[in-house]
Amino acid sequence: MKQACVTGDVTTLKSECIIVGIHDGGKMTPSASAVDKVAGGLLAGLCKAGDFGGQAGETLFLHNVSGIASERVLLAGLGKEKEANEQKYISALNKAILAAHKGGASDALVCLNEMKIKGRDQDWMLRTGAQIAETALYLYEDTKSKKNPPKHPLKTVQWLADKSGDEAVKQGMCIGQGMNVTRTLGNLPGNICTPTYLAETAIRMADDFSSVKTTIVEEKDMEKLGMGALLSVSRGSRQPAKLIVMEYNGGKKDDKPVVLVGKGLTFDSGGISIKPSPAMDEMKYDMCGGASVFGTMEAIARMKLKLNVIGVVPSSENMPDGDANKPGDIVTSMAGKTIEVLNTDAEGRLILCDALTYVDKFKPAAVIDIATLTGACIIALGKHATGLLSNDETFAAEILNAGKQAHDRAWQLPLWEEYQEQLNTNFADMANVGGREAGTITAACFLARYTEDYTWAHLDIAGTAWNSGGDKGATGRPVPLLTQILMNRANA
Ligand code: BES
Ligand code: MN
Ligand code: ZN
């Protein structure tokens with residue numbers, strides 16, 4: 001999709017569809033007012049008659065509006081003016097963009113950025129708007145035999161805004177495109193999206209962007225490095241594990257990189273501690289942390305962000321097999337620490353710990369790991385907030401703040417040393433599970449034992465990475481959060 005800002009008079013600018021916002025109760029945004037004026041009070045009349053209520057997400061097409069150069073006017077409800085917030089803007093825009101797309105408009109002039117939200121400036125409205133426009137039309141069809149692309153897709157979105165907003169629009173587009181990359185990787189099934197497939201995707205990324213260099217660490221290299229934890233998970237699967245390393249060089253040569261480590265578990269059956277059958281298919285999404293690293297690399301490479309970033313994705317399947325981990329097995333991780341695998345379904349931390357040890361060689365400015373790590377995080381935070389745990393309070397605050405900026409929010413849980421003793425065992429340096437209590441925290445406690453040498457944060461995205469039910473699918477989170485963190489660092 002093409003997007004840019006245009007300035008001018010909404011009534012004389014030409015497009016196939018202008019999208020103007022009206023609040024619940026009929027209060028009009030400036031562009032709606034301008035349309036209403038030249039059209040002799042048409043919009044006010046529709047509101048008064050009750051034909052258009054202005055509820056958030058409501059839409060109404062008007063044709064051949066007199067005095068308007070554009071073919072059609074799409075009214076978009078914004079909800080009550082007093083209750084204007086990010087969510088209302090996002091849902092109004094989503095619905096309006098989809099309506100224009102399905103209604104056959106190939107270009108639209110969008111004016112919804114005129115909505116006023118407390119604490120949000122015009123750049124925010126444009127950046128978020130462009131991101132929503134980019135993701136609203138996302139359609140997963142990769143594994144359908146009959147593709148159904150719309151005959152007249154929406155190809156161009158113009159924002160009624162000062163040209164200085166183009167930079168924000170561009171950023172939003174890059175983030176949206178990155179999210180779509182993440183969603184497709186997440187939505188692909190486990191028999192297609194294997195560790196090898198992810199490795200090939202990373203190699204393709206390096207072909208697409210000269211700023212990205214990809215290296216794949218193969219199982220024989222892992223053996224040499226002593227990655228006994230990662231390899232113990234992979235041993236139960238016929239798919240070879242891959243440790244994918246994507247280096248993005250946008251900063252100065254000697255600038256320390258920010259390292260993103262994403263869990264790339266392409267299917268989690270639980271292993272010998274096998275999961276129950278209902279909804280087990282959703283464990284294809286267990287690579288969404290890794291997918292968010294791909295999406296973030298895509299976004300920053302498109303933006304040409306001035307920062308050095310390394311994306312690392314340890315990727316494996318977790319399957320039951322004659323050679324799989326058994327409860328009680330003890331494995332030795334790359335850091336030399338021994339782990340008693342009391343539950344083979346706590347495999348994420350096993351593949352992550354070796355990746356977290358591996359990335360020390362990059363002398364990172366900071367490391368963030370992103371993982372669909374614990375069902376307990378869904379119980380604690382539901383699907384709205386990503387869980388955040390960190391060994392550095394300043395870094396945690398930086399991430400929480402970026403989450404608010406991007407409206408892709410995280411919520412911090414404590415990483416107190418008191419929780420560490422839940423990982424004690426008589427037979428190894430630690431167990432891979434810490435019992436029923438505080439499952440998200442003890443998972444992070446496990447990882448914390450591998451990240452003592454650098455500034456580190458852990459994002460548990462088990463609740464935020466995908467939706468279940470009717471709109472089942474990967475969400476593209478937390479690409480906006482990760483990209484915001486990196487953008488802030490690049491501009492610091
Ligand atoms: N990938 C799962 C976590 C998960 C479960 C994410 C459900 C989203 C929905 C992870 O590998 C896992 O199985 N974790 C266990 C840990 C437990 C054995 C300590 C869990 O959460 O049950
Ligand atoms: Mn598991
Ligand atoms: Zn898992």
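Described in the following lines is the structure provided in the data block. (Residues numbered from 1 in each chain as written. Chains lettered and ligands numbered in written order. Predicted model: local features only at pLDDT ≥ 70, side-chain atom pairs only at ≥ 80, totals over all residues. Heavy atoms only, no water.)

## Regarding the overall build of the protein chain
Here is step 1: Along the protein chain, the regular secondary structure elements total 14 helices and 20 strands.
Here is step 2: Computed over its C-alpha atoms, the radius of gyration of the protein chain comes to 24 Å, within 12% of the 23 Å expected for a compact globule of 492 residues.
Here is step 3: On the principal axes, the C-alpha backbone points of the protein chain span a range of 80 × 50 × 45 Å.
Here is step 4: Taken across its 492 residues, the protein chain has 58% of its residues classed as buried.
Here is step 5: Across the protein chain, every contact between residues at least 6 apart in sequence was considered, and the portion connecting residues at least 24 apart equals 78%.
Here is step 6: The positive charge centre, built from 52 side chains, and the negative charge centre, built from 58, are 5 Å apart in the protein chain. (Helix = DSSP H or I, 4+ residues; strand = E, 2+ residues; numbered from the N terminus. Rg over C-alpha atoms; globule rule 2.2 N^0.38 Å. Buried < 20%, exposed > 50% of the residue type's maximum accessible area, 1.4 Å probe, protein only. Contact = heavy atoms within 4.5 Å. Lys, Arg positive; Asp, Glu negative; His and termini not counted. Charge placed at Lys NZ, Arg CZ, Asp CG, Glu CD.)

## Points about the site of ligand 1
Here is step 1: What surrounds ligand 1 is a group of 17 residues, the closest being Lys275, Asp286, Asp345, Glu347 and Gly375.
Here is step 2: Here an oxygen atom of ligand 1 sits 2.9 Å away from a polar atom, N or O, in the side chain of aspartate 268.
Here is step 3: A distance of 3.3 Å separates a nitrogen atom of ligand 1 from a polar atom in the backbone of threonine 372.
Here is step 4: When ligand 1 sits alone it has 510 Å² of accessible area, and the protein chains cover 78% of it.
Here is step 5: A breakdown of the residues in the shell around ligand 1 according to their chemical character gives 6 nonpolar, 4 polar and 7 charged. (Near = heavy atom within 4 Å. Polar contact = N/O pair within 3.5 Å; in protein donor to acceptor, adjacent residues only side chain to side chain. Areas by Shrake-Rupley, 256 points an atom, 1.4 Å probe, with all protein chains shown as cover. Nonpolar A, V, L, I, M, F, W, Y, C, P; charged D, E, K, R; others polar.)

## Topic: the packing of helix α4 (residues 122-136) against helix α5 (residues 166-187)
Here is step 1: Contact pair α4 / α5: the axes reach a minimum separation of 7 Å and the direction vectors enclose 35°. In this structure, α4 crosses over α5, and the sense of that crossing is right-handed. Two secondary-structure elements touch here, α4 through Asp123, Leu126, Arg127, Ala130, Gln131, Glu134 and Thr135 and α5 through Ala168, Val169, Gln171, Gly172, Met173, Ile175, Gly176, Gln177, Met179, Asn180 and Arg183. (Axes fitted to C-alpha atoms, helices over the stretch in contact; angles between N-to-C directions. Left-handed = near helix turned anticlockwise from the far one by under 90°.)

## Examining the coordination of the manganese ion (ligand 2)
Here is step 1: Looking at the manganese ion (ligand 2), the protein donor atoms are Asp268 (OD), Asp345 (O), Asp345 (OD) and Glu347 (OE), and they sit 2.0 to 2.2 Å from it.
Here is step 2: Geometry at the manganese ion (ligand 2) is irregular, judged from its 6 donor atoms and the angles of 69 to 168° they form at the metal.
Here is step 3: Here glutamate 347 falls in the buried class, since its relative accessible area comes to 1%. (Donors = N, O, S within 2.8 Å, 3.2 Å for Na, K, Ca; no water. Tetrahedral: all angles 85-135°; square planar, octahedral: opposite > 155°, others 65-115°.)

## Some thoughts on the sheet that holds strand β3 (residues 59-63)
Within a sheet, each strand pairs with its neighbour through backbone hydrogen bonds, oriented either parallel or antiparallel.
Here is step 1: A sheet is described by the order of its strands in space; here 6 strands give the open sequence β1-β6-β5-β2-β4-β3, paired in mixed fashion. Edge strands, defined here as strands with exactly one partner in the open sheet, are β1 (2-6) and β3. In this sheet, adjacent strand axes meet at a mean angle of 25° when their direction is disregarded.
Here is step 2: Here 4 bridges tie strand β5 (residues 107-110) to strand β6 (residues 156-160), and the two strands are oriented parallel to one another. Opposite leucine 109, over in β6, you have glutamine 158 as the bridge partner. (Pairing = 2+ DSSP bridges.)

## Re the coordination of the zinc ion (ligand 3)
Here is step 1: Around the zinc ion (ligand 3), the donor atoms from the protein are Lys263 (NZ), Asp268 (OD), Asp286 (OD) and Glu347 (OE), and they sit 2.0 to 2.4 Å away.
Here is step 2: Around the zinc ion (ligand 3), the 6 donor atoms are arranged such that angles at the metal cover 78 to 178°; this shape is classified as octahedral.
Here is step 3: All donors of the zinc ion (ligand 3) belong to a single chain; written as a sequence motif, their spacing is K-x4-D-x17-D-x60-E.
Here is step 4: Distance-wise, the manganese ion (ligand 2) is placed 3.1 Å from the zinc ion (ligand 3), both being coordinated by aspartate 268. Within this pair, whereas lysine 263 is found in the loop between β9 (258-262) and β10 (264-268), its partner glutamate 347 is found in the loop between β13 (338-341) and α10 (348-358), the two being separated by 84 residues in sequence.

## Some thoughts on the side chain of glutamine 171
Here is step 1: Position of glutamine 171 relative to the elements: it lies in helix α5.
Here is step 2: Judged by its relative accessible area of 18%, glutamine 171 is buried.
Here is step 3: Non-local contacts of glutamine 171, meaning those with residues more than four positions away in its chain, are made with Arg127, Met303 and Met487.

## Examining the nonpolar core
Here is step 1: Judged by nonpolar contacts, the single largest core of 58 residues is most densely connected at Ile244, Met246, Leu260, Phe294, Ile368, Ile399 and Leu459.
Here is step 2: Those residues in contact with leucine 260 that sit more than four places away from it in its chain are Val293, Thr296, Val309, Ile310, Gly311, Val312, Ile368, Ile370, Leu482 and Leu486.
Here is step 3: Core analysis: the second largest hydrophobic core is formed by 44 residues, Ile310, Ile339, Leu350 and Met430 among them. (Core = buried A, V, L, I, M, F, W, Y, C linked by side-chain atoms within 4.5 Å.)

## What to know about the sheet that holds strand β17 (residues 430-431)
Here is step 1: Within the open sheet, the 3 strands sit side by side as β12-β13-β17. Their pairing is mixed. Edge positions in the sheet fall to β12 (329-332) and β17, since each has one partner strand and no second.
Here is step 2: Two strands pair when backbone bridges link them, and β12 and β13 are joined in this way by 4 bridges, in the antiparallel orientation. Within β13, the residue paired with threonine 332 across the bridge is threonine 338.

## Overview of the environment of alanine 380
Here is step 1: Tracing the backbone through its elements, the reader meets alanine 380 in helix α11 (residues 375-381).
Here is step 2: Owing to a relative accessible area of 51%, alanine 380 belongs among the exposed residues under this scheme.
Here is step 3: Once the C-alpha coordinates of alanine 380 and aspartate 321 are considered, the two residues, 59 residues apart in sequence, prove to be 32 Å apart.

## Points about the packing of helix α12 (residues 393-406) against helix α14 (residues 479-490)
For any two helices packed against each other, one specifies the inter-axial angle together with the distance between the axes.
Here is step 1: Look at α12 against α14: their axes get within 8 Å of each other, and the N-to-C directions meet at 115°. By the angle class used here, α12 and α14 are roughly perpendicular. Here α12 runs over α14; the crossing is right-handed. Residues Phe395, Glu398, Ile399, Ala402, Gly403, Gln405 and Ala406 of α12 touch α14, and the partners they reach there are Pro480, Leu481, Gln484, Ile485, Asn488 and Arg489. (Parallel < 35°, antiparallel > 145°, perpendicular 65-115°, else oblique.)

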